[in-house]
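Coordinates in review
Now for the letters of each chain:
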Amino acid sequence: MSGEEVTGAGNEALTRRWQDVMMDNFGTPRLPLVRGRGTRVWDAEGNEYLDFVGGIAVNALGHAHPAVVRAVSEQAASLGHVSNLFVAEPPVRLAERLLGLAGRPGRVYFSNSGAEANEAAFKIGRLTGRTHMVSAAGGFHGRTMGALALTGQPVKQVPFRPLPGEVSHVPYGDVEALRAAVTPRTALLVLEPLQGENGVVVPPPGYLRAAREITAATGTLLVLDEIQTGVGRTGHWFAAQAEGVEADVVTLAKGLGGGLPVGATLAFGASARLLTPGTHGSTFSGNPVVCAAALAVLDTIEREGVLDHVRRAGRRLRRGLESTGLQLVREVRGAGLLLGVVLEGPHAAGVQRAAEDRGLLVNAVAPDVVRLAPPLTVSDREVDVFLDGFAAALSEALEDGRRAA
Ligand SMILES: *Cc1c(COP(=O)(O)O)cnc(C)c1O
């Protein structure tokens, strides 16, 4: 006798309903979640999990953070949407705030997602009058056609060829390859400060700085895709600030809205003036509600010293993972609270399952890499609880792997 059967909202029933009506582009998700608070979430049958996926590096302040709830409620209750035919204050304040964090004058275009933030960068690149672009193999810049052309992952591109643009993909982290590919014909070079979707791949020190020098010499725009690494994820407002690198264009999304959909394209110098009336737009661009949420995220990060906390908590998590002493872990890489646990062999899906059985949500981002991207506000105690359970999940996956071998 269960209420779930009547309402059809238990884990299995919800999943079946999902399969009946949703397009199958995502495959079937493994678990319905119905509620969250901070770092914790609950499934449709009341089971509790520690969330180290964070909506894929989106839930910067965790779930249901009071500052976000308040900002969204108040904005929705006063002025929900005006379109770009009218000025609203929240997007103006958010743009001022983001440029302040960047530490230099520029201009901002708001959108609704990461892919759209990069589409705007793509168009800015085209408006230089050049058509050639360079990005990195394995890089991820989104799934819409322009962003997909920049995404250096053939499996995602092949069904949609021909893609717009004239894009060269170079090996990530290879300065000589950049030097050879970027020429005075190149409109833009787009790079992630570290490759998130490709398995949390960190480039060699000095790579971004070299990219800056190479693009400056050819008059090419350097676009840094900080959609995953920005807004405090690595312990800095922008990951590239750790290296002192200033791009011409910076794209943001994921963590920016604290769970609400908002993307931003920040442009500096001459590139800030390339979009002119009629060249680009979106109905929801600068929507006051999502901008209010983003302002609440930025204010909270600043007020509560979250950047320092991310660096400390990231070190604690990383050291804990490194000291599990398990044969299965080859390496832990990443920055701040964006970490990739690289396994000896393709065991990530098994580890994800074993972790979930222990009430821990993690993401098998590559066959041999488990990505961790908990809320930036994750507590030391939550990190410790996670480490205990994750070590057990690793042991179990290792056992399973041995049995299967
Ligand atoms: C997630 C991501 C994107 C795409 O963002 P969407 O909101 O999914 O369109 C682009 N670039 C990077 C680096 C990302 O991590």
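Not measured: the values here are computed from a predicted model.

Let us now look at the pattern of salt bridges. For the coordinates displayed, the defined rule picks out 18 salt bridges. Close ionic contact of arginine 212 with aspartate 248 constitutes a salt bridge, the shortest N to O distance being 2.9 Å. With a gap of 36 residues between them, arginine 212 in helix α10 (residues 207-218) and aspartate 248 in the loop between β8 (221-225) and β9 (249-252) connect regions that are remote in the sequence. On the basis of relative accessible area, arginine 212 is assigned to the buried category, the value being 17%. The residue glutamate 322 makes a salt bridge to arginine 318 at a minimum N-O spacing of 3.5 Å. One end of the pair, glutamate 322, and the other, arginine 318, are both in helix α12 (residues 306-322), four residues apart, so they sit about a helical turn from each other.

A separate point is the site of the ligand. In the vicinity of the ligand, the contacting residues are Ser113, Gly114, Ala115, Asn118, Phe140, His141, Gly142, Glu192, Asp225, Ile227, Gln228 and Lys254. Within the backbone of glycine 114, an N or O atom sits 2.8 Å from an oxygen atom of the ligand. Alanine 115 is positioned with one of its backbone polar atoms (N or O) 2.8 Å from an oxygen atom of the ligand. Considered on its own, the ligand offers 380 Å² of accessible surface; in the complex 81% of this is hidden by protein. Among the elements that line the shell around the ligand, the one with the most residues is helix α6 (residues 114-126), at three residues. Class assignment of the residues belonging to the shell around the ligand gives a composition of three nonpolar, six polar and three charged.

What follows is about the sheet that holds strand β14 (residues 363-366). Spatially, β11-β12-β15-β14 is the arrangement adopted by the four strands of the open sheet, whose pairing is antiparallel. Two strands bound the open sheet, and with one partner strand each, they are β11 (329-335) and β14. Each adjacent strand pair in this sheet contributes to an overall mean axis angle of 30°, direction not counted. In this structure, β11 lies alongside strand β12 (residues 338-343), joined through six bridges in antiparallel fashion. Bridge pairing in β12 places arginine 333 opposite glycine 340. Of the strands in this sheet, β12, β14 and β15 (369-372) are in contact with helix α13 (residues 348-357), which crosses β14 at around 170°.

The first and last C-alpha atoms of α10 sit 17 Å apart over twelve residues, in line with the 16 Å expected at 1.5 Å per residue. Of the surrounding elements, those touching the buried residues of α10 are α9 (175-181), β7 (186-191) and β8. At the exit of α10 stands glycine 219, carrying a positive phi of roughly 65°.

Once that is clear, we can look at the nonpolar core. Membership of the largest hydrophobic core comes to 82 residues, with the highest contact counts inside it found for Leu317 and Phe390. The greatest single-element share of this core, amounting to nine residues, is contributed by helix α11 (residues 288-303). Of the domains in this structure, domain 1 (11-64 + 305-404) and domain 2 (67-303) are the two that each give at least three residues to this core. By size, the runner-up hydrophobic cluster in this structure holds 15 residues, among which are Ile124, Ala149, Leu221 and Val249.

The rules behind the values
Residues numbered from 1 in each chain as written. Predicted model: local features only at pLDDT ≥ 70, side-chain atom pairs only at ≥ 80, totals over all residues. Heavy atoms only, no water. Salt bridge = Lys/Arg side-chain N within 4 Å of Asp/Glu carboxyl O. Helix = DSSP H or I, 4+ residues; strand = E, 2+ residues; numbered from the N terminus. Buried < 20%, exposed > 50% of the residue type's maximum accessible area, 1.4 Å probe, protein only. Near = heavy atom within 4 Å. Polar contact = N/O pair within 3.5 Å; in protein donor to acceptor, adjacent residues only side chain to side chain. Areas by Shrake-Rupley, 256 points an atom, 1.4 Å probe, with all protein chains shown as cover. Nonpolar A, V, L, I, M, F, W, Y, C, P; charged D, E, K, R; others polar. Pairing = 2+ DSSP bridges. Axes fitted to C-alpha atoms, helices over the stretch in contact; angles between N-to-C directions. Contact = heavy atoms within 4.5 Å. Expected span 1.5 Å × (residues − 1). Core = buried A, V, L, I, M, F, W, Y, C linked by side-chain atoms within 4.5 Å. Domains from an automatic or database assignment.

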